[in-house]
Amino acid sequence: MKRVRLEAGEPLVWPEPVVAIGNFDGVHRGHQALVAAGVARSRESDGTAVVLTFDPHPARLLGSGGAPGALTTLDQ
């Protein structure tokens, strides 16, 4: 696994990316199922499995009353 922080103007080139997008605040069973499905599909197409999450939590940026605490850190 490789952790990449998206920066403006930085092109990322991944073959046939399969992307799971969400607020992955901790990798519980539901998140594990989404990631596993993405990995399986990327293997079928000889592609790259990608998980796209948000840091900080979108609610913190949008000012909608605070964000829930994360279950794990990004590194975990």
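Above this text sits the structure in question.
Residues numbered from 1 in each chain as written. Predicted model: local features only at pLDDT ≥ 70, side-chain atom pairs only at ≥ 80, totals over all residues. Heavy atoms only, no water.

A. Layout of a nonpolar patch on the surface. A surface patch of nonpolar side chains, about 330 Å² in accessible area, is lined by Val4, Leu6, Leu12 and Trp14. The topology assignment puts leucine 12 in the segment before strand S1 (17-21). (Patch = residues over 30% accessible without salt bridge, like charges linked within 9 Å, V, L, I, M, F, W, Y side chains within 5 Å. Areas by Shrake-Rupley, 256 points an atom, 1.4 Å probe, with all protein chains shown as cover. Salt bridge = Lys/Arg side-chain N within 4 Å of Asp/Glu carboxyl O. Helix = DSSP H or I, 4+ residues; strand = E, 2+ residues; numbered from the N terminus.)

B. Looking closely at the side chain of histidine 31. Here histidine 31 lies in helix H1 (residues 29-44). Overall, the relative accessible area of 11% leaves histidine 31 in the buried class. (Buried < 20%, exposed > 50% of the residue type's maximum accessible area, 1.4 Å probe, protein only.)

C. Here's a closer look at the pairing of S1. Burial of the side chains of S1 is restricted to one face: Val18 and Ala20 are buried, whereas none of Pro17, Val19 and Ile21 on the reverse face is. With 5 bridges joining them, S1 and strand S2 (residues 48-52) adopt parallel strand pairing. Residue pairing across strands places proline 17 opposite threonine 48, the latter belonging to S2. Viewed along the sheet, the connection from S1 through H1 into S2 turns out right-handed. (Pairing = 2+ DSSP bridges. Right-handed = clockwise from strand over helix to strand, strands pointing away.)

D. Geometry of the layout of surface pockets. Approximately 1400 Å³ is the volume found for the largest pocket. What lines the largest pocket is a set of 36 residues, among which Arg3, Val51, Leu52, Thr53 and Leu74 lie closest to the centre. Elements with a minimum of two residues in the lining of the largest pocket: S1, H1 and S2. With 5 residues, S2 is the single largest residue contributor to the lining of the largest pocket. Residues that form the lining of the largest pocket fall into these classes: 20 nonpolar, 9 polar and 7 charged. (1 Å grid on protein atoms, 1.4 Å probe; cavity = no way out; pocket = protein on both sides within 12 Å on 5 of 7 lines; lining within 4 Å. Points joined across faces, edges and corners; volume = space filled by probe spheres on them. Nonpolar A, V, L, I, M, F, W, Y, C, P; charged D, E, K, R; others polar.)

E. Examining H1 more closely. The end-to-end C-alpha distance of H1 is 23 Å, a good match for the 22 Å that 16 residues give at a rise of 1.5 Å each. His31, Gly38 and Ser42 are the residues of H1 that are buried. The buried residues of H1 occupy an angular sector of 35° when the element is viewed end-on, so they sit on one face. In this structure, H1 carries Arg29, Arg43 and Glu44 as exposed residues pointing more than 90 degrees from its buried face. Its buried side turned inward, H1 meets S1 and S2. Of the residues one or two after H1, aspartate 46 is the one with positive phi, at around 55°. (Expected span 1.5 Å × (residues − 1). Arc of directions from axis to C-beta. Contact = heavy atoms within 4.5 Å.)

Read these as spatial facts, not as claims about activity.
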